[in-house]
Amino acid sequence: MDRANTWIEMNLDELEENMSSVKAWLNGKKLLFVVKANGYGSGALSVSKVAEESGKVDYLGVTHVEEALELREGGISLPILVMGEAVPEQSKWIVEHDLTQTVATKEMAEALSKTAKEKNKTVKVHIKVDTGLRRYGISYEEAYQFVKEVMALENLCVEGIFTHFASAVGDEAFSRLQIKRFLSVLKQLEEANIEIPLKHVCNSEGALLYPEAHLDMVRMGNLLYGMNPYKKELPMKIVNPWKVRTKVVVLKRVEKGQTVGYGRRYKAKKDMVIGVIPVGTADGFMAKPVDTVPNFSTLTKGVGSLFAKFLGKRVDTLKVNGQAFEIIDNMSIQQTIFDATPYKDKIQIGDICEIGIRRPCANAKILRVYSRHGKEYFHYYE
Ligand SMILES: Cc1ncc(COP(=O)(O)O)c(C=O)c1O
């Protein structure tokens, strides 16, 4: 790549392989592909097109109405569930573009019904039940009554009902309690002969851990994008279609005792060679630096980062030619300094590095290089 020094490679054929593997594993259950947050950084429209072409995905899921509109305007016709809350004045957009809206308030359900009636259409909704996440949703204790009220509204179809885990892997006992609470709502509905076609609970981790809770559909992001949230061997083949690449753009000598980087936080203990890569915090690269000159602030941060490591929190990484390097200074918006000393004879300006960036945090401005059906093309997001 000579156009840019930093880019993200996204292999859409491999993404499609993941869709096929997961769909086969689901054994007839429906699959909702979560493409929120610009498709977890992979490009919402690009990955949605693959989903549509593949025939393996039944639904797309986003958080905001505007994310769904971008997909419709880009030509996507798969059903799209807006999983987050919308406000009544967005009803016109939801109805006009045939979006499926999550509802948990009477006001929103009424606004959708009114707009759909005016436009002589039927709007689909999924009811969000709060079983313990306490972010958005009607409490499981009130859900049965709420469903009945929403179902009575004109020009509105309750197509789905769902809940979301607070900590699918982290707290199995609580997740099982959430499933139990959700199933108790479904039982009340069943006893009243109320049929809702799409009942769903599981995200990636939940689907792996609680197959009995797949119900009618699962909602997956991480696993389809090639991340293993499970930390165990997966029951299907999943590949990682995403790689962030950058180049070494500076190599320079630093003498023992000199400080390096902003805030003079790093002091060389010996003569050394440092390197610079052209990515920083604005790109979403948050690699933790090592060995800073201790002062009160760095000490408290040091304790925090040790604690984070203890808790298993992700620390972004930098590898050149397969070799891991330590970060010295990560304070710049668009540059990061690393210690090249141990491999100074093996590293050159222009060498390509592989770096880890939390995907949804990867700046949309980083050039995306896609490959599809064996061909490469690139894309900049506005
Ligand atoms: C409501 C909802 N369902 C499903 C998912 C997918 O989660 P995951 O990426 O862990 O599969 C998300 C993403 O956070 C979500 O907000």
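Every residue gets a number counted from 1 within its own chain, in the order that chain's sequence is written. In view of the model being predicted, local features appear only for residues whose pLDDT reaches at least 70, and side-chain atom pairs are presented and counted only at 80 or more, with totals across whole chains, interfaces and linings using the full set of residues.

### Here we look at the packing of helix 1 (residues 12-26) against helix 3 (residues 44-54)
Our working rule: Orientation is described by lines fitted to C-alpha atoms, with helices fitted over the stretch in contact, and by angles between N-to-C directions that extend from 0 to 180 degrees. Segments assigned H or I by DSSP are reported as helices when at least four residues long, segments assigned E as strands when at least two residues long, and all are numbered from the N terminus. Small angles under 35 degrees read as roughly parallel and large ones over 145 as roughly antiparallel, with 65 to 115 read as roughly perpendicular and the rest as oblique. Handedness of a crossing is defined here by the sense of rotation of the near helix relative to the far one, left-handed for an anticlockwise turn of less than a right angle and right-handed for a clockwise turn. Residue pairs are scored as contacts if the distance between their C-beta atoms, which are placed from the backbone, is within 7 Å. Residue type decides the class: Asp, Glu, Lys and Arg count as charged, Ala, Val, Leu, Ile, Met, Phe, Trp, Tyr, Cys and Pro as nonpolar, and the leftover types, Gly among them, as polar.
Two elements in contact, helix 1 and helix 3, have axes separated by 10 Å at closest approach and are oriented at 50 degrees. Comparing their axes, helix 3 and helix 1 come out oblique. Of the two elements, helix 1 crosses helix 3, and the hand of that crossing is right-handed. Contact with helix 1, carried on its side by Leu12, Leu15, Glu16, Met19 and Ser20, involves Ser46, Val47, Val50, Ala51 and Ser54 of helix 3 and no other residues of that element. A per-class count over the contact of helix 1 with helix 3 returns six nonpolar, three polar and one charged.

### Topic: the site of the ligand
Note the following rule: Each residue receives a C-beta atom placed from its backbone. It is near a molecule or strand if this atom lies within 6 Å of it.
All residues in the neighbourhood of the ligand are listed as Val34, Met83, His164, Asn203, Ser204, Glu205, Arg219, Met220, Gly221, Asn222 and Pro229. Counting only elements with at least two residues in the shell around the ligand, the list comes to helix 9 (204-209) and strand 10 (217-220). In the shell around the ligand, the residues fall into four nonpolar, five polar and two charged.

### Quick look at helix 6 (residues 106-118)
Worth spelling out the cut-off: A helix is expected to span 1.5 Å multiplied by its residue count minus one.
The end-to-end C-alpha separation of helix 6 is 18 Å, in line with the 18 Å expected for 13 residues at 1.5 Å each. Summarising the contacts, the buried residues of helix 6 are in contact with helix 5 (91-96), strand 5 (100-103), strand 6 (123-130), helix 7 (143-151) and strand 8 (156-162). Looking one or two residues beyond helix 6, the residue adopting positive phi is asparagine 120, at roughly 55 degrees.

### Brief notes about the sheet that holds strand 15 (residues 272-277)
Applicable threshold: At least two bridges found by DSSP between two strands are what make those strands a pair.
On the basis of which strands lie adjacent, the open sheet formed by four strands has the order 12-15-19-18 and antiparallel pairing. Edge strands, defined here as strands with exactly one partner in the open sheet, are strand 12 (250-254) and strand 18 (326-329). Across the sheet, the axes of successive neighbouring strands diverge by a mean angle of 40 degrees, strand direction being ignored. As paired elements, strand 15 and strand 19 (residues 336-339) share four bridges and run antiparallel to each other. Directly across from isoleucine 274, in strand 19, lies its bridge partner aspartate 339.

### Let's talk about the confidence of the model for the chain
Convention followed: Across the chain, each position has a pLDDT score giving the predictor's confidence in that residue, from 0 to 100.
With 91% of its residues at a pLDDT of 70 or more, the chain shows a mean pLDDT of 91. Across residues 291-316, confidence stays below pLDDT 50; counting only partners more than four residues off in sequence or on other chains, it has 24 contacts.

### Quick look at the pairing of strand 11 (residues 242-247)
Where we set the bar: Labels follow a simple rule on C-beta atoms placed from the backbone: if 20 or more others lie within 10 Å of a residue's own, it is buried; if 12 or fewer, it is exposed; otherwise it is partly exposed.
Taking every second residue as pointing to the same face, the buried face of strand 11 carries Trp242, Val244 and Thr246, while none of Lys243, Arg245 and Lys247 on the other face is buried. Of the pairings in the sheet, the one linking strand 1 (residues 6-11) to strand 11 comprises five bridges and is antiparallel in character. Within strand 11, the position partnered with methionine 10 by the bridge is tryptophan 242. Across four bridges, the pairing between strand 11 and strand 20 (residues 352-355) is antiparallel. Considered in strand 20, the bridge of arginine 245 is made with glutamate 354.

### Topic: the nonpolar core
Our working rule: Only buried Ala, Val, Leu, Ile, Met, Phe, Trp, Tyr and Cys residues enter a nonpolar core, and they are joined through C-beta atoms within 7 Å.
Counting 95 residues, the largest nonpolar core has Phe33, Leu60, Leu112, Ile127 and Val150 as its most contacted members. Among the elements that line this core, the one with the most residues is helix 6, at five residues. Look past the residues within four positions of phenylalanine 33 in its chain and what remains in contact with it is Ala51, Val57, Leu60, Gly61, Met220 and Leu224.

### Quick word on the domain arrangement of the chain
Selection rule: Note: domain ranges come from an automatic or database domain assignment.
According to the domain assignment, the chain contains domain 1 (12-225) and domain 2 (249-349). Its C-alpha centre places domain 1 at a distance of 42 Å from the equivalent point of domain 2.

### Section: unusual backbone geometry
The backbone phi angle of tyrosine 40 is positive, close to 50 degrees, even though this residue is not glycine. Structurally, tyrosine 40 can be placed in helix 2 (residues 36-40). Taking the number of C-beta atoms within 10 Å as the measure of exposure, tyrosine 40 has 23 and is therefore buried. Positive phi, close to 55 degrees, is recorded for arginine 134, a residue that is not glycine. Tracing the backbone shows arginine 134 in the loop between strand 6 and strand 7 (138-139). Since 9 C-beta atoms lie within 10 Å of it, arginine 134 is described here as exposed.

### Brief notes about the environment of serine 204
As for its placement among the helices and strands, serine 204 is situated in helix 9. You can call serine 204 buried: it has 24 C-beta atoms within 10 Å. Between the C-alpha atom of serine 204 and that of asparagine 228, which follows or precedes it by 24 residues, the distance is 8.7 Å. Dropping the residues within four chain positions of it, serine 204 is found in contact with Met220, Gly221, Asn222, Leu223 and Pro229.

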